[in-house]
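# Secondary and tertiary structure notes
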Amino acid sequence: MDWQKVLDEIAQEIQPELGVGKVADYIPALSAADPKAFGMAVTTVKGECYRTGDAGVPFSIQSISKVLTLTIALGFENEDLFDRVGREPSGSAFNSIVQLEQEQGIPRNPFINAGAIIVTDTIITHCRQKAGADLILDLARKLSCSPRVRIDDEVARSEALWGNRNRSLAYFMKSFGVLQNDPEEVLQAYFCQCALEMTCQELARAGLYLANDGVDPVTNQQIATHAHVNRINALMMTCGHYDMSGDFAFHVGLPGKSGVGGGILAVVPGICSVAVWSPALNKAGNSHAGTMALELFSEKTSLNLF
Ligand code: GLU
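Since the structure is predicted, the reported quantities are computational estimates derived from the model, not experimental observations. (Residues numbered from 1 in each chain as written. Predicted model: local features only at pLDDT ≥ 70, side-chain atom pairs only at ≥ 80, totals over all residues. Heavy atoms only, no water.)

This part is about the site of the ligand. Surrounding the ligand, one finds 13 residues, the nearest of these being Tyr26, Gln62, Ser63, Glu159 and Tyr242. Within the side chain of Glu159, a nitrogen or oxygen atom sits 2.7 Å from a nitrogen atom of the ligand. When isolated, the ligand has an accessible area of 290 Å², and the protein chains bury 99% of it. Of the residues assigned to the shell around the ligand, the class counts are seven nonpolar, five polar and one charged. (Near = heavy atom within 4 Å. Polar contact = N/O pair within 3.5 Å; in protein donor to acceptor, adjacent residues only side chain to side chain. Areas by Shrake-Rupley, 256 points an atom, 1.4 Å probe, with all protein chains shown as cover. Nonpolar A, V, L, I, M, F, W, Y, C, P; charged D, E, K, R; others polar.)

Rendered as structure tokens:
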């Protein structure tokens with residue numbers, strides 16, 4: 001496969017789509033992103049890396065961090081994790097509170113905000129000796145092989161300042177006895193994980209273990225078990241794109257997780273990990289150009305899993 005040719009063609013064909021949609025501004029620190037920025041990177045299980053456009057520009061990975069926290073929490077709890085968080089698509093907004101009340105404070109899946117807050121709560125329960133956010137940052141640096149990866153303090157502060165909806169979700173789950181730790185401590189770690197700043201190149205490298213049965217193929221380190229990676233990829237396929245997860249599976253056909261910073265991480269099991277970034281979002285909160293670029297990617301490479 002001529003990966004560089006594929007990426008260069010996508011970067012060319014995606015031009016008319018750049019800037020279509022709206023940059024997230026409900027977290028004010030995100031609103032400064034250039035709506036027309038576009039970057040994409042592929043890392044293959046052989047360790048080769050290909051990139052195009054703004055693939056070296058750091059951006060806020062936001063909800064993509066939920067894949068990393070799920071990996072850590074599954075390592076701690078295995079399937080017991082699913083006693084406190086479900087594994088069904090929610091069919092409602094990523095920050096909805098209505099369903100939580102109907103379902104006794106158990107979030108539908110680990111990728112909606114309430115579910116991710118429970119996952120972060122689990123990490124804090126198991127990891128008293130180190131702040132939850134530090135553990136997540138360490139994993140992001142280790143997987144991306146990049147000590148440059150950091151938590152953007154300004155974004156984390158902005159999230160904390162404007163995070164009343166997330167605060168409501170955490171306290172609501174505490175009232176049901178589902179959240180184990182102090183809601184403020186959990187939220188602090190959650191806001192920091194969302195504020196992780198990475199480039200497409202770093203993200204594609206970081207996601208490689210998901211394409212290789214849990215083992216980083218370059219360092220040979222076991223990051224997650226084969227069974228956990230199956231679970232994570234299944235959840236990315238069914239729940240990774242908010243209320244448009246079905247649409248993403250329909251058009252792209254790959255496990256993927258998006259974030260409101262405009263990034264998407266997608267996985268081709270056995271072959272490669274792909275990261276794309278373009279900040280203008282469609283109405284469901286997924287990168288408009290990023291989603292289309294991945295659709296082009298799966299068409300051009302015939303790597304759509306279906
Ligand atoms: N930090 C964002 C929030 O909690 C994450 C949203 C997202 O990327 O889905 O609202």
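One recurring pattern in soluble globular proteins is that nonpolar side chains are buried together. Core analysis: the largest hydrophobic core is formed by 74 residues, its most contacted members being Ile117, Leu196, Tyr209 and Leu210. Setting aside chain neighbours within four positions, we find Leu210 in contact with Val67, Val229, Ile232, Asn233, Met236, Leu265 and Val267. Of all hydrophobic cores here, the second largest spans 25 residues; its members include Leu7, Phe38, Ala289 and Leu303. (Core = buried A, V, L, I, M, F, W, Y, C linked by side-chain atoms within 4.5 Å. Buried < 20%, exposed > 50% of the residue type's maximum accessible area, 1.4 Å probe, protein only. Contact = heavy atoms within 4.5 Å.)

Its location among the elements puts Thr301 in helix α13 (residues 288-301). A distance of 2.6 Å separates a polar atom in the side chain of Thr301 from the backbone oxygen of Phe297. (Helix = DSSP H or I, 4+ residues; strand = E, 2+ residues; numbered from the N terminus.)

The next point concerns the packing of aromatic side chains. What the rule picks out here adds up to four aromatic pairs. Over the ring of Phe82 we find Arg87, and its NZ or CZ is 5.3 Å from the ring centre. The side chain of Lys257 reaches across the aromatic face of Tyr242, ending 4.6 Å from its centre. (Phe/Tyr/Trp six-rings, centres within 6.5 Å; stacked < 30°, edge-to-face > 60°. Lys NZ or Arg CZ within 6 Å of the ring centre and 35° of its normal.)

So yeah, pure geometry; function would need other evidence.
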